[in-house]
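The primary structure of each chain is shown beneath.
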Amino acid sequence: MDTFGFLMQGLATAFEPMMLLYALVGVVLGTAVGVLPGIGPALTVALLLPVTYGLDPAGSLIMFAGIYYGGMYGGSTTSILLNTPGESASVITALEGNKMARAGRGGPALATAAIGSFVAGLIATLLLAFLAPHVVKLALVFGPREYFALMVLAFVTVSAAFGESALKGLVSLFVGLALALVGIDQLTGQARLSFGVPQLLDGVEVTTLAVAMFALGEALFVAAQGPDHGAGVLAIKGRVRMTAQDWARSWKAWLRGTAIGFPIGSMPAGGADIASFLSYATERNMTRHPEEFGKGAIEGVAGPEAANNAAAAGTLVPLLTLGLPTTATAAIMLAGFQQFGLQPGPLLFASAPQLVWGLIASLLVANVMLLVLNLPLIRFWVLLLRIPQPWLYGGILVFATLGTLGVNPSVVELSMLVIFGTLGYIMRLYGYPIAPVVVGLILGPMAEQQLRRALAIAQGDPMTLVQSPIAAVLLGLALVALVVPMILRARGRGDALAQIGTAED
Amino acid sequence: MKHALFGAMVAAALAVPAFANDYMIMAPASPGGGWDSTARTMQEVMQAEGISSSVQVTNVPGAGGTVGLAQFVSSASGDPSQLIVGGYVMVGAILTNASPVSLADVTPIARLTGEAVAIVVPAASEIQDIKGLVDAMAADPGAVSWAGGSAGGVDHITVGLLAKAAGVDPTKINYVAFSGGGEATAAILGNQVTAGISGLGEFLPQVEAGTMRLLAVSSDARIEGVDAPTLKEAGYDVVVQNWRMVAAAPGLSDEQKAQVSADIEKLAKSAGWQKALADKGWADTYLAGADFEAQLAKEIEATTAVLKDIGLVQ
Amino acid sequence: MTPRGAEGRRPDGAAFVIGAALVALGALLVWEGGRIPNKQGYAGVGPGDVPWLVGWVLVLLGFGTVWEGWRNPAPPRPRQQAVPLVWLLGGMVVMVATIHWIGFVLGATILFTCAAAAFGERRFGLAVVSGLVLGFIIYGIFDVLLQLNLPAGPIEMLIFGR
């Protein structure tokens, strides 16, 4: 049977009423658990995997696909509504999404996230089905030096896109880079900045930092304005649905996000977070509404959300074609496959086509189910914002600590939550942007490790970094992104520059 | 009033009566990892086989298991219902992290599963056998880059032992640590490094697909169905196994220890455990009692020596 | 970084404190980078080099922040009230300090109540009861059904038999 035939067969199975029910249950459970800050898709899948044990392989697979996509999507809902990104890939979503929610545009923000996730999931799943063996060849070309170049590009483009003041953005970024150094150095096993505290040896957990800085820092900041002040949160203003203009501004961002997310997700050391960063930087540079960025630009939600979902599907490329679990989520999925006595590997497409195509069909169905379930729910979600402020924030704080309590309830970890929350408050008070701290924490170790790996392989020859064509091109792009704004500024075209969104104080 | 009623309903629905041989297993790692899945598989099987009526798993992640180990030693002392899962990685982590507690502070019960380490090269490599690789390393250690798991982990230790056995200075090996989860495998497939070293299970599918060449395995004897010599056969006296074990709390009486050992033996011999091992592709390396303790002592000594040689431990 | 404020206005005091903190953090990193064994291996870049670099940049940024604060007057900042901050931070600290003794449900109740109080809720009885209910629901779903193992205390022992 050919590719298309297998896919049709898989879809036929997936559309049986019982299977649709499993998909629905999976999506509901995945979304419900995934909305909790600090509980990302990996933990959601890990927690819910046992639920699928009792089912037959087809049912189990489809429920599993539902949980996976549901968990991915769940994170964006709380990021947008409550400014509590529970995982690294939805940090960027919170930036513009929460601003929109506060202005009463939570409905369109959630809708563009949901539809963007759907579009990206659909395209990426189809790419996975038809192009996976080819994409993976390209992905393998990426070695440490190419990843290093990619990280440099991400650093340059992303840090140019943050905040009004370059100085403040850089301070935030370097605070993040400093935090990233805490813990055991991956390459030598040397402990750094841990001061003999064993709990610090594993470094600062991204979710702990993100939840603390966004959710707790925000709560402190709003509380300190006093109870009468009101945070200026409008539950709904205008329509809950997307307007024609929202559509017009979103669809290109979805496609661009997908185009960025899928390849980066399929790289063994890529990741949904980097995809979302690059997508955000791209949207910020291409938008016709630069003045809205930082205040709730819909492209800033649409692009990154599409990118992180496309990256999630991209993760399956190395998993299904090479048997490489490249993310924690994929590693847990491996465990899921193993319950059918199946070892994903390079021969999986040939040896167990029914299961592979069954999974791909399940992903497509789960993706549709997610949209069907979530679009109508949006009007209920936005009502969350109508909960009286004391109760809303009480609930946010309880949920925000839940992730940490469930994963690592040590006093050190919980204290970090409080300390970083306070830091987030202070930074808000003095106008320092929050997101670069998280970006620094995520990108810093990757850049450092890939650089040192590349140099070790080349026995210390720095020329190795530009000797690969891909690395050279990526570094060249980074250089252009860094230098062009400087030249423009030197020519006294600061105004034009401000308009393309790399504004400086 | 309503809430008291709610509480009572929840209690009635969910209360589990306590039995004498309840167990609390600590997985000193995050949910989803190897130790966690060992602990959770034990939980499942012990309950299903009626060895214990109630088994709980707690996760205390951090620093190669040493954070969990320290907590276990201080909080579980003398409590026969508490168990901790661990493994060879912990032996190295205790040394490299200068952990204040060690495996001498717990009561090792049994080794449960284990996996040999495999050495591979990309299919396109000119190197055909383990001798070719070791000779290349002897000629120019820096030119042979090894992709493997974390620094000081079982892969790194194996390369150090191999270098030592082959008369190469272990401090000169060019070991490139990758974060787990297939990144090392990707670097090997992409021809980024000379050789790769990792658990056999991680490489076998690639070897079967012909994208990697398996040069040697670190087991004591040839592994059934795997077409590669052991390092020993090839003339390098290196035997390494990445095992997982279960240990009980310190300060148990002999009777308590015997009871726990009996329960773990029942687990290891049960059909449910055997099936779980087969499903997950884990090898059964059950070893208990004095034999296990002697083996453990020997490995700790060898690991300490090689970590000093590599320069990771002073 | 272009100076904008009129000369002679009051410099921004907060910028001096922030700048000093950044310099201190940078100095700590530089010190740590020099202290640890810098095993460069074949890479030529060791574990101490990146902390050293990041540390020096932080020191520079610290001086830059002080310079900015000197040149520009303090921008208007929202008025901050201390009482809600004390409620919120106090609730967090008490929760962190006690949760391993009192368990998840009571910890969540304390946190919920303090947070509500920080946002102006004065009906404490109602807040406590809501916190308890929320705690029970979360514990029931995540610990009992999904095996997430949240900290257990006397209440959890009594009701869920943990």
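Here, the structure is the one placed above.
Note that this is a predicted model, so its numbers are computed, not measured. (Residues numbered from 1 in each chain as written. Chains lettered and ligands numbered in written order. Predicted model: local features only at pLDDT ≥ 70, side-chain atom pairs only at ≥ 80, totals over all residues. Heavy atoms only, no water.)

## What to know about the interface of chain B and chain A
And then number 1: Each partner contributes to the interface: chain B provides 35 residues, whereas chain A provides 39 residues.
And then number 2: Interface area, chain B with chain A, both sides summed: about 2800 Å², of which 59% is carbon and sulfur.
And then number 3: The interface formed by chain B and chain A includes 0 salt bridges.
And then number 4: Counting the contacts that link chain B with chain A gives 4 residue pairs in polar contact (both at pLDDT 80 or more).
And then number 5: When contributions to the side of chain B that touches chain A are tallied by element, the ones reaching two or more residues are β6 (174-177), α7 (183-189), α8 (200-209) and α10 (271-280) of chain B.
And then number 6: Its residues assigned to classes, the side of chain B that touches chain A shows 15 nonpolar, 14 polar and 6 charged. (Contact = heavy atoms within 4.5 Å. Buried area = accessible area lost by both parts, 1.4 Å probe. Salt bridge = Lys/Arg side-chain N within 4 Å of Asp/Glu carboxyl O. Polar contact = N/O pair within 3.5 Å; in protein donor to acceptor, adjacent residues only side chain to side chain. Helix = DSSP H or I, 4+ residues; strand = E, 2+ residues; numbered from the N terminus. Nonpolar A, V, L, I, M, F, W, Y, C, P; charged D, E, K, R; others polar.)

## Some details on the nonpolar core
And then number 1: Among the nonpolar cores identified, the biggest contains 229 residues, and Leu128, Leu209 and Leu320 of chain A together with Val54, Leu88 and Phe104 of chain C are the most heavily contacted of them.
And then number 2: Residue contributions to this core peak at 17 residues, all from helix α6 (residues 106-141) of chain A.
And then number 3: Those residues within four positions of Leu128 of chain A in sequence are excluded, and the remaining contacts are Phe262, Ala313, Leu316, Val317, Leu320, Ile360 and Leu363 of chain A.
And then number 4: Leu161, Val246, Leu252 and Leu267 of chain B belong to the second largest nonpolar core, which has 85 residues in total. (Core = buried A, V, L, I, M, F, W, Y, C linked by side-chain atoms within 4.5 Å. Buried < 20%, exposed > 50% of the residue type's maximum accessible area, 1.4 Å probe, protein only.)

## So, a nonpolar patch on the surface
And then number 1: On the surface, Phe4, Met8, Leu126, Phe130 and Leu131 of chain A cluster together into a nonpolar patch covering about 440 Å² of accessible area.
And then number 2: For the nonpolar patch, the secondary-structure elements that each account for two or more residues are α1 (3-14) and α6 of chain A. (Patch = residues over 30% accessible without salt bridge, like charges linked within 9 Å, V, L, I, M, F, W, Y side chains within 5 Å. Areas by Shrake-Rupley, 256 points an atom, 1.4 Å probe, with all protein chains shown as cover.)

## Quick word on the packing of helix α5 (residues 91-102) of chain A against helix α11 (residues 272-286) of chain A
Residue and element names in this part refer to chain A.
And then number 1: Between α5 and α11, the least distance of the axes is 8 Å, while the angle of their chain directions is 35°. Taken together, the residues of α11 that come into contact with α5 (itself represented by Ile92, Leu95 and Glu96) are Ser276, Phe277 and Tyr280.
And then number 2: Of the residues assigned to the contact of α5 with α11, the class counts are 4 nonpolar, 1 polar and 1 charged. (Axes fitted to C-alpha atoms, helices over the stretch in contact; angles between N-to-C directions.)

## Points about the pairing of β6 of chain B
In the case of a regular strand, side chains alternate between the two sheet surfaces.
Residue and element names in this part refer to chain B.
And then number 1: Taking every second residue as pointing to the same face, both faces of β6 are buried, with Asn174 and Val176 on one and Tyr175 and Ala177 on the other.
And then number 2: Of the pairings in the sheet, the one linking strand β5 (residues 145-148) to β6 comprises 4 bridges and is parallel in character. Directly across from Ala147, in β6, lies its bridge partner Val176.
And then number 3: This β-α-β element, β5 to helix α6 (residues 154-165) to β6, shows right-handed connectivity. (Pairing = 2+ DSSP bridges. Right-handed = clockwise from strand over helix to strand, strands pointing away.)

## Re the interface of chain C and chain A
And then number 1: In this complex, chain C contributes 63 residues to the contact, which on the side of chain A involves 63 residues.
And then number 2: Around 5700 Å² of area is buried between chain C and chain A when both sides are counted, 77% of it from carbon and sulfur atoms.
And then number 3: Counting across the chain C and chain A interface gives 0 salt bridges.
And then number 4: Linking chain C to chain A there are 7 residue pairs in polar contact (both at pLDDT 80 or more).
And then number 5: Sort the elements by how many residues they give to the side of chain C that touches chain A and helix α3 (residues 82-118) of chain C lands first, with 17 residues.

## Looking at unusual backbone geometry
Residue and element names in this part refer to chain A.
And then number 1: Residue Leu193 is not a glycine yet carries a positive backbone phi of 50°.
And then number 2: Looking at the element boundaries, Leu193 is found in the loop between β2 (191-192) and α9 (206-224).
And then number 3: Even without being glycine, Gln459 reaches a positive phi, approximately 55°.
And then number 4: By the element assignment, Gln459 lies in the loop between α18 (435-457) and α19 (464-467).

## So, the packing of aromatic side chains
And then number 1: Summed over the entire model, instances satisfying the criterion amount to 13 aromatic pairs over all chains.
And then number 2: Measuring from ring centre to ring centre gives 5.7 Å for Tyr68 of chain A and Tyr69 of chain A, while their planes differ by 25°; the resulting arrangement is stacked. Each member of the pair, Tyr68 of chain A as well as Tyr69 of chain A, is classed as buried.
And then number 3: Taken together, a centroid distance of 6.0 Å and an interplanar angle of 85° make the contact between Trp391 of chain A and Phe112 of chain C edge-to-face. Of this pair, Trp391 of chain A sits in helix α16 (residues 389-407) while Phe112 of chain C is found in helix α3, placing the two residues in two different chains.
And then number 4: Relative accessible area serves as the criterion here: at 23%, Trp391 of chain A is assigned to the partly exposed category.
And then number 5: Through successive ring pairs, a cluster of aromatic residues spans Tyr88, Trp243 and Phe292 of chain B.
And then number 6: Cation over ring: Lys168 of chain A sits above Tyr432 of chain A, and NZ or CZ is 5.3 Å from the ring centre.
And then number 7: A cation over an aromatic ring shows up here: Arg453 of chain A above the ring of Phe178 of chain B, its NZ or CZ 4.4 Å from the ring centre. (Phe/Tyr/Trp six-rings, centres within 6.5 Å; stacked < 30°, edge-to-face > 60°. Lys NZ or Arg CZ within 6 Å of the ring centre and 35° of its normal.)

## A short note on helix α4 (residues 124-145) of chain C
Residue and element names in this part refer to chain C.
And then number 1: The end-to-end C-alpha distance of α4 is 30 Å, a good match for the 32 Å that 22 residues give at a rise of 1.5 Å each.
And then number 2: Residue Tyr139 marks the point of greatest curvature in α4, where the axis turns by about 30°.
And then number 3: The set of residues buried in α4 consists of Ala127, Ser130, Gly131, Leu134, Gly135, Phe136, Ile138, Tyr139, Gly140, Phe142, Asp143 and Val144. (Expected span 1.5 Å × (residues − 1). Bend = angle between axes of the 7 residues up to and from the residue.)

## Section: the environment of Val144 of chain C
Residue and element names in this part refer to chain C.
And then number 1: With respect to the secondary-structure elements, Val144 resides in helix α4.
And then number 2: A relative accessible area of 10% places Val144 in the buried class.
And then number 3: Taking the C-alpha atoms as reference points, Val144 and Phe160, 16 residues apart in sequence, are found 7.9 Å from one another.

## Examining the pattern of salt bridges
Residues and elements named next belong to chain A.
And then number 1: Evaluated as defined, the whole model comprises 20 salt bridges over all chains.
And then number 2: Where Arg452 meets Glu448, a salt bridge forms, and the shortest distance between an N and an O atom there is 2.8 Å. With Arg452 and Glu448 both in helix α18 and 4 residues apart, this pair spans about one turn of that helix.
And then number 3: Taking the relative accessible area as the measure of exposure, Arg452 reaches 3% and is therefore buried.

## Description of the side chain of Ser76 of chain A
Residue and element names in this part refer to chain A.
And then number 1: Position of Ser76 relative to the elements: it lies in helix α4 (residues 57-82).
And then number 2: The class for Ser76 is buried, based on a relative accessible area of 1%.
And then number 3: A distance of 3.4 Å separates a polar atom in the side chain of Ser76 from a polar atom in the side chain of Glu305.
And then number 4: Not counting chain neighbours up to four residues away, the residues in contact with Ser76 comprise Thr93, Ala113 and Glu305.

## Observations concerning the environment of Ala302 of chain B
And then number 1: By secondary structure assignment, the location of Ala302 of chain B is in helix α11 (residues 289-310).
And then number 2: Separated by 145 residues in sequence, Ala302 of chain B and Ile157 of chain B place their C-alpha atoms 9.7 Å apart.

Spatial relationships are all this shows, so hold off on functional conclusions.
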